[in-house]
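# Close look at the chain arrangement
If you want the building blocks of each chain, they are given just below.
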Amino acid sequence: MNKQDIHSFELNKDLWERKEDETWTEKYPELGTGPIDLERAVSKEFFEVEKEAVFRRNWLYMGRVEQAAKPGDYFTQEVEVCNTQLIIVRGKDEKIRAFHNVCPHRGNQLVWKGHPAKETSGHCGRFVCKYHGFAFNLDGSLFRATDSQNFFDDQAQTRRLAEVPCEVWNGFIFINLDPDGPKESLREQIGEFFWTGLDGFPFEAFTERTVSVGTCKSNWKTLMDAFTEGYHVQYLHFQTFRLHTMGMDEVNARMQHFSIHERNHVSVTDRIPDEMYSYDFERMMQAHGAAPTVKPSIDIEDLPPAANPTRFKNWGNSTITFFPNFVLQFYYPIWWLTYRFIPIAHDEMRFEIAHFLPPAEKFSDLLSHYSFLSIMRDAALQDVNTLEATQRGIATGGMKDGFILQDEEFSIRHFYKTIFDTVDEYSAQNK
Ligand code: FES
Ligand SMILES: [Fe+2]
């Protein structure tokens, strides 16, 4: 199948069109319409298996290549759920590699500033251990073992950093911590639809990267739920994105496209029409260049196929959910963001939200970008606050029948199915 066929709307018309009286849910009858077994999904027992089956045995997103743009640039990433911290570094040969952040002499954490649990970044020619001065090249090989004549045989000379499989797709860096080595390539995990379907999008041109990181007392999946459905936006974010209405129908904020591609999926919603926001917000968006009246920086027709599979004319947003814990969103008039959800315990997580905006050309652009980002942060705080309340609700045990999902929350139904399937398959193989 060539790329044209994969993304041909004609080829998938039955699947991708929804008539007035149809639902997205009924297009995937294997997912059913019943409640989700919430108690199981957020339990301590489930989390113990989830760590192994989902996080230790699949490709995990770590960051962008621009974070290690030049040879010698590096950044560290804490992966609590797999009990490790990694160094991601660009070598002299330009290759991006990942290593466990541990010195193979006596196990000291190799790279850190201030406190070892804190992530850091920088530039260096080689990594030198603070403890006894062993030094390692950017490709993980030994540069120098101090007092080497006093070690036995070639034990010191053969030490090197423990490398972790690392692959890059469209500038997104992924690692795999499977103790037996990756069971599939990153390409297989992403799937053909998305692997080629975002080709040509100039991710690297959106140079204003702003990252917000925080922790939240909730299961990681419940925050992922909140960021992959638009149903809650008009209610929970009423003060942040103030609209003149509280009705989903009036703003036509419903999913206009939804499609599943193996363990991943994409949904598309409309643009919010002109003059639907209350005055101040609309003016703010106008300043940023994100208002409905602003001309898009890329023609909607030129969006890569997987970001708008049906070439929907009134495109406003695409949300692509990548198994297991990475979400990529595109917004009109073309900027994008990523979400990462990193579990710490069954009821605690860390999240990272990264906005990627076009470069500011004038000081006023910069001001409007920061005003806009502060609105987005307010919205994220509303999500996180609510989530701690949701987690408390779940912990009461008063939701015995699981949670129910309407058609606009269908992405959540598919997400849980992929997690349950992965955990069940692993459990069956490791009885
Ligand atoms: S632990 Fe790193 S040099 Fe000894
Ligand atoms: Fe939200």
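Above this text is the structure in question.
None of these values were measured; they are calculated from a predicted model. (Residues numbered from 1 in each chain as written. Chains lettered and ligands numbered in written order. Predicted model: local features only at pLDDT ≥ 70, side-chain atom pairs only at ≥ 80, totals over all residues.)

This part covers the overall build of the protein. Counting secondary structure elements, the protein contains 12 helices and 18 strands. Looking at the 431 residues of the protein, the share that counts as buried comes to 35%. Relative to all contacts within the protein whose residues are 6 or more apart in sequence, the contacts with residues 24 or more apart total 63%. (Helix = DSSP H or I, 4+ residues; strand = E, 2+ residues; numbered from the N terminus. Buried ≥ 20, exposed ≤ 12 C-beta atoms within 10 Å, placed from the backbone. Contact = placed C-beta atoms within 7 Å.)

Now for the nonpolar core. Ranked by size, the top nonpolar core spans 87 residues in total, and within it I87, I88, F174, I175 and L223 carry the most contacts. For I87, the residues in contact, after removing those within four places along its chain, are Y74, T76, A98, F99, N101, L110 and V111. (Core = buried A, V, L, I, M, F, W, Y, C linked by C-beta atoms within 7 Å.)

Within the open sheet, the 5 strands sit side by side as β5-β2-β3-β4-β9. Their pairing is antiparallel. With partners counted over all chains shown, the strands left at the sheet margins are β5 (121-123) and β9 (163-164), one partner each. When strand β2 (residues 73-79) meets β5, the two strands line up antiparallel, connected through 3 bridges. Directly across from F75, in β5, lies its bridge partner S121. (Pairing = 2+ DSSP bridges.)

Between the first and last C-alpha of helix α12 (residues 410-429) there are 29 Å, a value that for 20 residues agrees with the 28 Å anticipated at 1.5 Å per step. For α12, every residue scored as buried is listed here: F410, S411, I412, H414, F415, Y416 and I419. Against α3 (38-41), α4 (44-55), α7 (220-227), β13 (255-261), β14 (264-270) and β15 (315-322) lie the buried residues of α12. (Expected span 1.5 Å × (residues − 1).)

It is worth spelling out the packing of α4 against α12 at this point. Between α4 and α12, the least distance of the axes is 9 Å, while the angle of their chain directions is 85°. Overall, the two elements α4 and α12 adopt an arrangement that is roughly perpendicular. Contacts between α4 and α12 involve F46, V49, E50, E52, A53 and V54 from the first element and I419, T422, V423, Y426 and S427 from the second. Here the residues of the contact of α4 with α12 sort into 7 nonpolar, 2 polar and 2 charged. (Axes fitted to C-alpha atoms, helices over the stretch in contact; angles between N-to-C directions. Parallel < 35°, antiparallel > 145°, perpendicular 65-115°, else oblique. Nonpolar A, V, L, I, M, F, W, Y, C, P; charged D, E, K, R; others polar.)

We now examine the packing of α7 against helix α11 (residues 363-395). The contact between α7 and α11 brings their axes to 10 Å, and the two run at 135°. Compared by their axis directions, α7 and α11 come out oblique. Every pair of crossing elements has a handedness; the one defined by α7 and α11 is right-handed. Between α7, through T222, L223 and A226, and α11, the contact on the second element is made entirely by D383, L387, T390 and Q391. Of the residues in the contact of α7 with α11, the class split is 3 nonpolar, 3 polar and 1 charged. (Left-handed = near helix turned anticlockwise from the far one by under 90°.)

The 3 strands are arranged β1-β11-β10 in an open sheet whose pairing can be described as antiparallel. Bordering the open sheet on either side are β1 (59-64) and β10 (166-169), each of which pairs with just one other strand. When the angles between neighbouring strand axes are averaged without regard to direction, this sheet yields 30°. In this sheet, strand β11 (residues 172-176) lies alongside β10 in antiparallel orientation, the contact comprising 4 bridges. Its bridge partner lying in β11, V168 is registered against I173.

Our next topic: α11. Helix length check: α11 (33 residues) gives 48 Å between terminal C-alpha atoms against 48 Å at 1.5 Å per residue, within 8%. Restricting attention to buried positions, one finds in α11 the residues S368, H369, A380, L387, Q391 and I394.

Moving on, we get to the pairing of β2. Note that β2 and strand β3 (residues 84-90) share 6 bridges and pair antiparallel. Bridge pairing in β3 links T76 to I87. Here β2 folds back onto β3 in antiparallel fashion, the turn holding 4 residues, of which N83 has a positive phi close to 60°.

Let us look at unusual backbone geometry. Of note, the bond from F323 into P324 is cis; its omega dihedral lies within 30 degrees of zero at -5°. Summarising the element assignment, P324 is placed in the loop between β15 and β16 (326-331). Of note, the phi angle at N83 is positive, near 60°, even though the residue is not glycine. Exposure remark for N83: the 10 C-beta atoms within 10 Å place this residue in the exposed category.

Burial analysis of β11 places 5 of its 5 residues in the buried class, which makes it a mostly covered element. Burial along β11 is two-sided: F172, F174 and N176 and I173 and I175, pointing in opposite directions, are all buried. Sheet topology note: the β1/β11 ladder contains 5 bridges and is antiparallel. Looking at the pairing, Y61 lines up with F174 of β11. The antiparallel pairing of β10 with β11 creates a hairpin that spans 2 residues between the two strands, and N170 there sits at a positive phi of about 50°.

As far as function goes, none of this settles anything; it's purely spatial.
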